[in-house]
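Below, each chain spelled out in residue letters.
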Amino acid sequence: MKQMWQVFQMTRRMDPLAVWVMLLWFLLPILAGVLLAVFATPGDVLAGFLWVTTGVLGGILAAMIILGRRAERVAYRQISGQPGAVGAVLKSSLRRAWQASEMPITVSPKTQDAVYRAVGKPGVMIIGEGPQSRTRRMMEDERRNVSRIVPNVPVHFVHVGPDVESTKLENLAKTLNKHKKVLSKAEVFAVSNRLTSLSKSSTLPIPKGIDPLKARAPKPR
């Protein structure tokens with residue numbers, strides 16, 4: 001209860017409208033329960049009590065759901081624009097049908113712009129974190145890499161950044177899920193595993209001073 005109160009206080013400070021929305025959703029089920037008690041079971045005290053009790057419980061549940069959603073939105077607004085914000089959303093907000101990592105696949109050391117990759121039923125989503133003018137090239141490079149490894153899988157771009165037409169951080173999960181679904185759950189896992197394994201194997205560095213063509217296994221002692 002203490003933790004929920006802290007979440008409520010944080011949400012109320014950052015989103016004053018949340019209190020009124022929660023109150024509305026708390027009262028609507030109670031009103032529905034009272035109306036059902038009066039008109040559906042007139043004269044039946046026990047049934048009326050149960051209808052009102054159900055309305056109160058439904059109101060509490062609805063208010064908690066609204067609080068959770070508004071608190072999540074506030075939290076995303078607070079981290080929006082910070083490096084790694086997209087990774088936090090990919091880790092916490094995507095459904096199990098998605099395969100994604102909170103770690104970016106490409107990061108610009110100068111600007112901290114990053115590119116993330118998520119695999120779901122719509123295909124492969126390449127997500128740029130930062131201005132489109134700076135992330136577009138990195139995203140195109142990743143598109144070519146994905147098309148080389150899984151050529152028959154659709155690839156989509158999503159930009160999260162300061163540009164007007166970019167997707168807001170709080171709407172990222174919704175944007176990913178609105179694309180048309182073309183892969184099955186088994187295909188999602190297969191594509192994700194193939195991308196992960198081949199991407200890692202293609203980027204493994206070769207130690208200096210070692211010729212991979214002349215390398216030999218160590219002799220047993």
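Bear in mind that the values here come from a model prediction, so they are computed numbers and not experimental data. (Residues numbered from 1 in each chain as written. Predicted model: local features only at pLDDT ≥ 70, side-chain atom pairs only at ≥ 80, totals over all residues. Heavy atoms only, no water.)

### Description of unusual backbone geometry
Excluding glycine, residues mostly carry a negative phi; peptide bonds, for their part, are mostly trans. Which entries qualify depends on this criterion: Working definition: helices are DSSP H or I runs of at least four residues, strands are E runs of at least two. Numbering for both runs from the N terminus.
Positioned with a positive phi, Gln-112 is a non-glycine residue whose angle comes to about 65°. Among the secondary structure elements, Gln-112 is positioned in the loop between strand S2 (106-107) and strand S3 (114-120).

### What about the packing of aromatic side chains?
Spelled out, the test is: Side-chain rings of Phe, Tyr and Trp (the six-membered ring for Trp) are treated as a pair once their centres are within 6.5 Å; stacked means planes under 30 degrees apart, edge-to-face means over 60, and tilted covers the remaining angles. Note on geometry: a ring has a charge over it if NZ (lysine) or CZ (arginine) is within 6 Å of the ring centre and within 35 degrees of the ring normal.
Taken as a whole, this structure holds one aromatic pair when the rule is applied. For the cation-ring pair, Arg-143 lies above Phe-157, with the distance from its terminal atom to the ring centre recorded as 4.1 Å.

### Regarding the pairing of S3
Where we set the bar: Think of it in three bands: residues with accessible area under 20% of the maximum for their type are buried, residues over 50% are exposed, and the middle band is partly exposed, with areas taken using a 1.4 Å probe on protein chains only. A pair of strands is labelled paired if DSSP reports no fewer than 2 bridges between them.
Among the seven residues of S3, seven are classified as buried, and the element is accordingly described as predominantly covered. Alternating positions in S3 separate into two faces, Ala-114, Tyr-116, Ala-118 and Gly-120 on one and Val-115, Arg-117 and Val-119 on the other, with burial throughout. Where strand S1 (residues 99-100) and S3 come together, two bridges link them in antiparallel fashion. Residue pairing across strands places Gln-99 opposite Val-119, the latter belonging to S3. Judged from the two bridges that link them, S2 and S3 form a sheet pairing that is antiparallel. From the neighbouring strand, Thr-106 faces S3, where its bridge partner is Val-115. Between S2 and S3, which pair antiparallel in sequence order, lie six residues; one of them, Gln-112, sits at a positive phi of approximately 65°. With seven bridges joining them, S3 and strand S4 (residues 123-129) adopt antiparallel strand pairing. Each residue of the ladder has a partner; that of Val-115, found in S4, is Gly-128. The turn linking S3 back onto S4 is made up of two residues.

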